[in-house]
Amino acid sequence: MANRAVLISSNERSERDVMPLVKMMTIAAWALLGIGLLLSLLNMDHFSDRNASLMVGIGFMVGSVHIYVIRTAIHLVHSRAASKTE
């Protein structure tokens, strides 16, 4: 079996395509927001901290906002890095 050495320039190695990650995180954030809204709206009749499904729904909504903020930060850092190289 022959081993081949492949040289990659430093410019090609440092650049990463983050758009699939950004799209996946956007879809995940919206899906979690929808699940959270659905869980919260279905269990509003007993508005209490003892209502576990209501609390889980609120947690899904808060988590979706965090995922969206992280997605936005990744996108902004990547776009700024791409604009510096050009």
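What counts as what
Numbers given to residues run from 1 along each chain, matching the order in which its sequence is written. Residues qualify for local features only when their pLDDT is at least 70, as the model is predicted, and side-chain atom pairs are given and counted only at 80 or more; totals for whole chains, interfaces and linings, by contrast, use all residues. Where side-chain values are given, they derive from all heavy atoms of the structure, hydrogens and water being excluded. UniProt positions are given in the numbering used here, feature names are shortened, and annotations may be inferred rather than shown by experiment. The helix count covers DSSP runs of H or I at least four residues long, the strand count covers runs of E at least two residues long, and both are numbered beginning at the N terminus. The pairing test for Phe, Tyr and Trp rings, Trp by its six-membered ring, is centres within 6.5 Å, and the orientation test on the planes gives stacked under 30 degrees, edge-to-face over 60, and tilted for anything in between. Geometrically, a charge over a ring is one whose NZ (Lys) or CZ (Arg) sits within 6 Å of the ring centre while staying within 35 degrees of the ring normal. Lines fitted to the C-alpha atoms define the axes, with helices restricted to the stretch that makes contact. Angles between their N-to-C directions range from 0 to 180 degrees. In this scheme, roughly parallel covers angles under 35 degrees and roughly antiparallel covers those over 145, while 65 to 115 is roughly perpendicular and the rest are oblique. Helix crossings fall into two classes, left-handed where the near helix is turned counterclockwise from the far one by less than a right angle and right-handed where it is turned clockwise. Contacts were defined at the residue level, with two residues in contact if any of their heavy atoms lie within 4.5 Å. A helix is expected to span 1.5 Å multiplied by its residue count minus one. Think of it in three bands: with a 1.4 Å probe and only protein chains considered, a residue is buried below 20% of the maximum accessible area for its type, exposed above 50%, and partly exposed in between.

Asks: Honestly, the UniProt feature "transmembrane region" (unreviewed entry) in the chain in this entry has me stumped. Any pointers?
Replies: If you check UniProt for "transmembrane region" (unreviewed entry), the listed places come out as residues 21-42 and 54-74 in our numbering. Taken end to end, residues 21-42 is 100% helix and 0% strand, and its two terminal C-alpha atoms sit 31 Å from one another.

Asks: I tried to follow the packing of aromatic side chains on my own but got confused; where do I start?
Replies: A ring pair, where both rings are aromatic, is described by two values, the distance of the centres and the angle of the planes. One pass over the full model with this rule turns up zero aromatic pairs. It is Arg71 that lies over the ring of Tyr68; its NZ or CZ is 5.1 Å from the centre.

Asks: Looking at this structure, how should I read the packing of helix H2 (residues 19-42) against helix H3 (residues 52-85)?
Replies: How two helices pack is summed up by the angle between their axes together with the distance between the axes. Taken N-terminus to C-terminus, the directions of H2 and H3 make an angle of 160°; their axes are 8 Å apart at the nearest point. As the angle between them shows, H2 and H3 are arranged roughly antiparallel. Here the hand of the crossing between H2 and H3 comes out left-handed.

Asks: What exactly am I supposed to notice about the environment of Leu54 here?
Replies: Locating Leu54 in the fold gives a position in helix H3. Once the C-alpha coordinates of Leu54 and Met44 are considered, the two residues, 10 residues apart in sequence, prove to be 7.0 Å apart. Filtering out sequence-adjacent residues up to four positions away, Leu54 remains in contact with Ser40, Asn43, Met44, His46, Phe47 and Ser48.

Asks: Just to check I follow, could you spell out H2 for this structure?
Replies: Because each turn of an α-helix spans 3.6 residues, side chains separated by three or four positions end up pointing in the same direction. Taking 1.5 Å of rise per residue, the 24 residues of H2 would be expected to cover 34 Å, and the 35 Å separating its terminal C-alpha atoms lies within 8% of that figure. Each element contacted by the buried residues of H2 is listed here: H3.

Asks: Please clarify how the environment of Met25 should be interpreted in this entry.
Replies: If you trace the backbone, Met25 turns up in helix H2. Overall, the relative accessible area of 12% leaves Met25 in the buried class. Separated by 43 residues in the primary sequence, Met25 and Tyr68 place their C-alpha atoms 6.9 Å from one another. Leaving out residues up to four positions away in the same chain, Met25 has contacts with Ile67, Ile70, Arg71 and Ile74.

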